[in-house]
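Per-entry structural report
Residue strings, one per chain:
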Amino acid sequence: LGGPHTCVIMLDARSGAEAYRYGSNVACARELPPCSTFNIPATLIALDSGAATPASVFKWDHKPQAVSAWEHDTDMSTAFKQSVAWVFQNLAVTAGASAYETRLKAFGYGNHLAQGPIGAFWQGPQGGGELAISTRGQAEFLRRLYNGRLPAKPESTAFVTTAMVDEIRSGATMSGRLGSCPSNGDGSRQVGWWIGRLQAPKGDWVFASSTRVPLGSLR
């Protein structure tokens, strides 16, 4: 991470005060495709709408997938943790673009645009997707999520925040979500995301980081 196309923001999870920022205001306000970090609001929408429950099992249709680990039936928790693309594509088709746009506006999530292919509108302009959110917007969305300030059922919020937990160690809990996808129409650059929360004895922060680099640089 680094340079003019990188932004890292940490906000106090309670007050919203900026605890740390790397990158210019321009970089931190630039709207970018959310890639698979979109699984966070998508899961909230699926659970709230009844399209899925925490116990749902999704049947793989035996079509080859980009990741071989996705080629099996999966439940909601596994789909979220492994970013199983076909599950979120199918949920989007079931809900429809207008339902997503209504909920994204209510969440205050990015530009709210569920436009483009219904199963990939969060994956960037190369595939026709128009949904975008800034790095600062990602951090602010997470703060609302963790403070119960999103218009979502408490049980849906609890499922998502529990699924996001990556590690608990020495009294600290790290939660997060990664994502990467092409960030421009010709696919020559890609965006990489890491967003989440750090709860530690000395503080509680939400964070979002993004970087735009030439295609293939994120390994």
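Refer to the preceding data block for the structure.
These lines cover the structure that appears in this document, whether it is placed above or below. (Residues numbered from 1 in each chain as written. Predicted model: local features only at pLDDT ≥ 70, side-chain atom pairs only at ≥ 80, totals over all residues. Heavy atoms only, no water.)

**Focus on the side chain of S183**
- Among the secondary structure elements, S183 is positioned in the loop between strand 6 (172-182) and strand 7 (189-200).
- In this structure S183 touches P33, P125, R189, Q190, V191 and R212, once residues within four positions along its chain are discounted. (Helix = DSSP H or I, 4+ residues; strand = E, 2+ residues; numbered from the N terminus. Contact = heavy atoms within 4.5 Å.)

**Description of the pairing of strand 2 (residues 18-22)**
- Summarising the sheet, strand 1 (residues 6-12) and strand 2 pair through four bridges and their orientation is antiparallel. Within strand 2, the residue paired with V8 across the bridge is Y22.
- Remark: five residues form the turn of the hairpin made by strand 1 and strand 2, two consecutive strands paired antiparallel; G16 in that turn has positive phi of roughly 85°. (Pairing = 2+ DSSP bridges.)

**A short note on the side chain of T37**
- Relative to the helices and strands, T37 resides in the loop between helix 1 (25-29) and helix 2 (39-49).
- Those residues in contact with T37, other than ones at most four positions away along the chain, are Y109, Q138, R177, L178, G179, W193 and I195.

**Some thoughts on the packing of aromatic side chains**
- Enumeration over the complete set of coordinates arrives at nine aromatic pairs.
- Seen from their ring centres, F121 and W122 are 4.8 Å apart, and the 85° between their planes marks the pair as edge-to-face. Of the two residues examined, F121 and W122, each falls in the buried class.
- Linked through ring pairs, F38, Y100, F107, Y109, F121, W122 and F141 together constitute an aromatic cluster.
- Seen from the ring of F80, R177 lies directly overhead, with NZ or CZ sitting 4.4 Å from the centre. (Phe/Tyr/Trp six-rings, centres within 6.5 Å; stacked < 30°, edge-to-face > 60°. Buried < 20%, exposed > 50% of the residue type's maximum accessible area, 1.4 Å probe, protein only. Lys NZ or Arg CZ within 6 Å of the ring centre and 35° of its normal.)

**A closer look at the sheet that holds strand 6**
- The strand order 2-1-8-7-6-5 describes an open sheet built from six strands, whose pairing is antiparallel. Both edges of this open sheet fall to strand 2 and strand 5 (165-169), since each of them pairs with a single strand only. Shown here is a sheet whose adjacent strand axes are inclined to one another by a mean of 15°, direction ignored. (Axes fitted to C-alpha atoms, helices over the stretch in contact; angles between N-to-C directions.)

**Considerations on the packing of helix 2 against helix 5 (residues 97-107)**
- One way to put it is that helix 2 packs onto helix 5 with a least axis distance of 11 Å and a crossing angle of 115°. Crossing geometry of helix 2 relative to helix 5 is assigned as right-handed. Only Y100, R103, L104 and F107 of helix 5 make contact with helix 2, whose side of the interface consists of P41, A42, L44, I45 and D48.
- Class assignment for the residues of the contact of helix 2 with helix 5 results in seven nonpolar, no polar and two charged. (Left-handed = near helix turned anticlockwise from the far one by under 90°. Nonpolar A, V, L, I, M, F, W, Y, C, P; charged D, E, K, R; others polar.)

**With respect to helix 5**
- Within helix 5, burial applies to Y100, E101, R103, L104 and F107.
- Where helix 5 is buried, its residues meet helix 2, helix 4 (85-95) and helix 6 (135-146).
- Once helix 5 finishes, G108 follows within two positions and takes phi at roughly 65°, a positive value.

**Examining the nonpolar core**
- Core analysis: the biggest nonpolar cluster contains 54 residues, and F38, I40, L91, Y100, L142 and L145 have the highest contact counts within it.
- Per element, the largest residue contribution to this core is six residues, and it comes from helix 2. (Core = buried A, V, L, I, M, F, W, Y, C linked by side-chain atoms within 4.5 Å.)

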